[in-house]
Amino acid sequence: MIRVPLWILGALLLAGIVHLSTVLAMPQAATQDAYSRLAPLAPVNTVVPLAPPTAQAATMPFMDPAFAVAVCRYDLSSGALKLNAPVSLAYTSVTFYTRNSVAYYAINDRAAGRRAIELDLMTAEQHAEMPEEEDVTAADRLIIESPTTTGLIVLRALAPEPGLMAMARRALAGAQCRIEQAQQ
Amino acid sequence: MRLFFGSCFTLLLAAVIGLGATWLTLTRGVAFGSLTISGWTAWPKSGSVDIDPYARATIARTGELPIGTGDGVAFYAHTDDAGNSFDGRCTFVISGMSPAARYWTVTLYDPEGRLVANTIGRHGFTSAEVVRDAGGRFAINVGPRARPGNWLPSGGIENFVLVWRLYDTPIGVASRTTKEGPMPAVVRKGCA
């Protein structure tokens, strides 16, 4: 009988391990995360506008209906990516997510300080391989390092009132993401 | 024999408690580093690489994309300032001044994060369209029946969630205190 508390103690320790490992494994095991939801809608390395959320259907939960949204599902395995997003009149932001939906970088139109948000996205290895002189001439280029080879770029443009949604969508329609040509 | 039953009991108990704890934490949306201002709670770290494992697991399960730290911050409310849960049959009034942000939006969702169907197709307000009084204060009526002024229909659903999103804001980036506010007050006005 004296063993019972020991068994329970063992069970609690094991339960802790089960709990922590399932929490840590969840991002890898999830089949309905944002990337998986967008994979059938968004071809790789192309900016695709998302349908505005309605009461009946939404690509993801908790989307802000005041925003026009476009995504670029990227894959850097064949080279670095160039992103060009014209800013709309009200508010435009670009957020970078890893394959597992971790937002690792976000910038808005004011921080970008230009008519367009222009960025180069590459993995740490691609950044390290960049010729040094190019790094110097490209001093004004904003280079973002992606922690994962694949991920999501989400572009959001605010429609301050419903009538301006068309304008916000038009602004995002001019956005581009494409793989840079490999250096000769 | 006793060893066998003991081991089975231990393994079963461990599985039940461990998986139960995971299920509970992920459905309740447990995350660390929350910032609460009156009834509104935000998790600013969820929009950065400092996101904790619980929040990571939660967003992987629900499929949402958290708002990035350089973009803004999202405050969630499930109850009014007095702790009354958001019942779609009651009328709540959100009132106050605009928080420090270039733009803000307030949106009404069901607990799963879906928009709520209503006759006028309104799911929220932005700072640019909300009607203010001469002093710059606004009041938004959230309820099942049409109201003059800013009316945010709740569709009469049992429970709803309000999300207040601040874009291009210093709140949540540097602040750890709740002095940053004031976030708008939410008060229940009566139930149908």
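Our subject is the structure listed above.
Each chain has its residues counted from 1, following the order in which its sequence is written. Each chain gets a letter, beginning with A, and each ligand a number, beginning with 1, in the order they are written. Residue-level local features of this predicted model are given only where pLDDT is at least 70; pairs of side-chain atoms are given and counted only at 80 or more, and the full residue set underlies all totals for whole chains, interfaces and linings. For the side-chain quantities, the full set of heavy atoms in the structure was used; hydrogens and water were omitted.

What about the overall build of chain A?
When its secondary structure is counted, chain A shows six helices and nine strands. Here the C-alpha radius of gyration of chain A, 21 Å, is well above what a compact globule of 184 residues would show, namely 16 Å. Each of the three principal axes of chain A carries a C-alpha extent, and together these read 75 × 50 × 30 Å. Each residue is assigned to one of three classes by its accessible area relative to the maximum for its type, calculated with a 1.4 Å probe on protein chains only: buried under 20%, partly exposed between the two thresholds, exposed over 50%. Buried residues in chain A amount to 48% of all 184 residues. Sequence separation of 24 or more characterises 69% of the internal contacts of chain A that already satisfy a separation of 6 or more. Secondary structure elements are defined from DSSP: runs of H or I of at least 4 residues count as helices, runs of E of at least 2 residues count as strands, and each element is numbered from the N terminus. Between the two quantities, the radius of gyration covers C-alpha atoms and the globule rule is 2.2 Å times the number of residues to the power 0.38. Throughout, a contact is declared for two residues whenever any of their heavy atoms are within 4.5 Å.

Structural notes on the sheet that holds strand β4 (residues 92–98) of chain A
Residues and elements named next belong to chain A. A pair of strands is labelled paired if DSSP reports no fewer than 2 bridges between them. Read from one edge of the open sheet, five strands run β1-β2-β8-β4-β5, paired in antiparallel fashion. The open sheet has two free edges, formed respectively by β1 (47–49) and β5 (103–108), since each of these has just one partner strand. Averaged over all pairs of adjacent strands, the angle between strand axes in this sheet comes to 20°, irrespective of strand direction. Note: β4 against strand β8 (residues 150–158), seven bridges, orientation antiparallel. For every element, the axis is a line fit to its C-alpha atoms; helices are fit only across the contacting stretch, and the angle between N-to-C directions ranges from 0 to 180 degrees.

Things to note about the sheet that holds strand β6 (residues 116–123) of chain A
Residues and elements named next belong to chain A. With respect to topology, four strands assemble into an open sheet ordered β7-β6-β3-β9, the strand pairing being mixed. Both edges of this open sheet fall to β7 (142–146) and β9 (176–179), since each of them pairs with a single strand only. Taken over all neighbouring pairs, the strand axes of this sheet differ in orientation by 25° on average, direction set aside. Where strand β3 (residues 81–86) meets β6, six bridges bridge the pair, whose relative direction is antiparallel. Its bridge partner lying in β6, Asn84 is registered against Glu118.

Let's talk about the environment of Pro53 of chain A
By the secondary structure assignment, Pro53 of chain A is in the loop between β1 and β2 (67–75). Classification of Pro53 of chain A by relative accessible area gives buried; the value is 10%. Counting along the chain gives 30 residues from Pro53 of chain A to Val23 of chain A, while the straight-line C-alpha distance between them is 29 Å. In contact with Pro53 of chain A, not counting residues within four places along its chain, are Ala58, Met63 and Pro65 of chain A together with Leu115 of chain B.

Things to note about the state of the cysteines
Here, two cysteine sulfur atoms that lie within 2.5 Å of each other are counted as a disulfide. Within this structure, the stated rule accounts for two disulfides over all chains. In this model, Cys72 of chain A is linked to Cys177 of chain A through a disulfide, with the two sulfur atoms separated by 2.0 Å. On the S-S bond that ties Cys72 of chain A to Cys177 of chain A, the torsion sits near 85°, and the link is right-handed. Of this pair, Cys72 of chain A sits in strand β2 while Cys177 of chain A sits in strand β9, and the two are 105 residues apart along the sequence. No difference in accessibility class separates Cys72 of chain A from Cys177 of chain A, as the two residues are buried. Here Cys90 of chain B is linked by a disulfide to Cys191 of chain B, with a sulfur-sulfur distance of 2.0 Å. Between Cys90 of chain B and Cys191 of chain B the sulfur-sulfur dihedral comes to about 95°; the bridge is accordingly right-handed. Of the two residues, Cys90 of chain B sits in strand β4 (residues 90–96) while Cys191 of chain B sits in strand β10 (residues 185–191), which places them 101 residues apart along the sequence. Using a relative accessible area of 3% as the deciding quantity, one classes Cys90 of chain B as buried.

Notes on the nonpolar core
In this structure, Leu50, Met60, Phe67, Leu152 and Leu158 of chain A together with Leu65 and Val163 of chain B are the most contacted members of the largest nonpolar core, which totals 30 residues. At the level of secondary structure, the elements contributing two or more residues to this core comprise α2 (34–38), β2 and β8 of chain A together with β3 (72–77), β5 (103–109) and β9 (161–167) of chain B. Excluding residues within four positions of it along the chain, Leu65 of chain B makes contact with Ala34, Met60, Tyr97, Ser101, Leu152, Val154 and Arg156 of chain A. Here, nonpolar core refers to any group of buried Ala, Val, Leu, Ile, Met, Phe, Trp, Tyr and Cys residues whose side-chain atoms link them within 4.5 Å. Listed in part, the 28 residues of the second largest apolar core include Val73, Phe75, Phe86 and Cys90 of chain B.

Some points on the interface of chain B and chain A
Contact with chain B, which involves 59 residues of that partner, is made by 56 residues of chain A. Summed over both sides, the interface of chain B with chain A buries roughly 4600 Å², with 67% coming from carbon and sulfur. In the sections that follow, a salt bridge refers to a side-chain nitrogen of Lys or Arg positioned within 4 Å of a carboxyl oxygen of Asp or Glu. Across the contact surface, chain B and chain A share three salt bridges. Linking Arg102 of chain B and Asp109 of chain A is a salt bridge whose minimum nitrogen-to-oxygen distance equals 3.0 Å. Mapped onto the side of chain B that touches chain A, the elements with two or more residues apiece are α1 (2–28), α2 (53–62), β5 and β9 of chain B. Element by element, the count of residues in the side of chain B that touches chain A is highest for α1 of chain B, at 16 residues. Only Asp, Glu, Lys and Arg are considered charged, only Ala, Val, Leu, Ile, Met, Phe, Trp, Tyr, Cys and Pro nonpolar, and every remaining residue, Gly among them, polar. Looking at the side of chain B that touches chain A residue by residue, the classes come out as 30 nonpolar, 18 polar and eleven charged. Reported buried area values correspond to the accessible surface (1.4 Å probe) lost by two parts on association, with both partners' losses combined.

With respect to α1 of chain B
For α1 of chain B, with 27 residues, the first-to-last C-alpha span of 38 Å sits near the 39 Å given by 1.5 Å per residue. Buried within α1 of chain B are the following residues: Gly6, Thr10, Ala14, Gly18, Thr22, Thr25 and Leu26 of chain B. Given a helix with a known number of residues, its expected span is that number minus one, times 1.5 Å.

Quick notes on the side chain of Ser93 of chain A
Inspection of the secondary structure assignment puts Ser93 of chain A in strand β4. The exposure class assigned to Ser93 of chain A is buried, which follows from its relative accessible area of 0%. Residues adjacent in sequence count toward polar contacts only when both atoms are side-chain atoms; beyond that, a polar contact is any pair of N or O atoms within 3.5 Å, and within protein one must be able to donate a hydrogen and the other to accept it. Looking at Ser93 of chain A, its side chain comes within polar contact range of the side chain of Asp71 of chain B, at 3.0 Å. Once residues lying within four places of it in the same chain are set aside, the contact partners of Ser93 of chain A are Ile107, Asn108, Val154, Leu155 and Arg156 of chain A together with Asp71 of chain B.

Here we look at the pairing of β8 of chain A
Residues and elements named next belong to chain A. Counting buried residues along β8, eight of its nine residues qualify, which places the element largely inside the surrounding structure. When β2 meets β8, the two strands line up antiparallel, connected through nine bridges. Following the sheet pairing, Cys72 is matched in β8 by Ile153.

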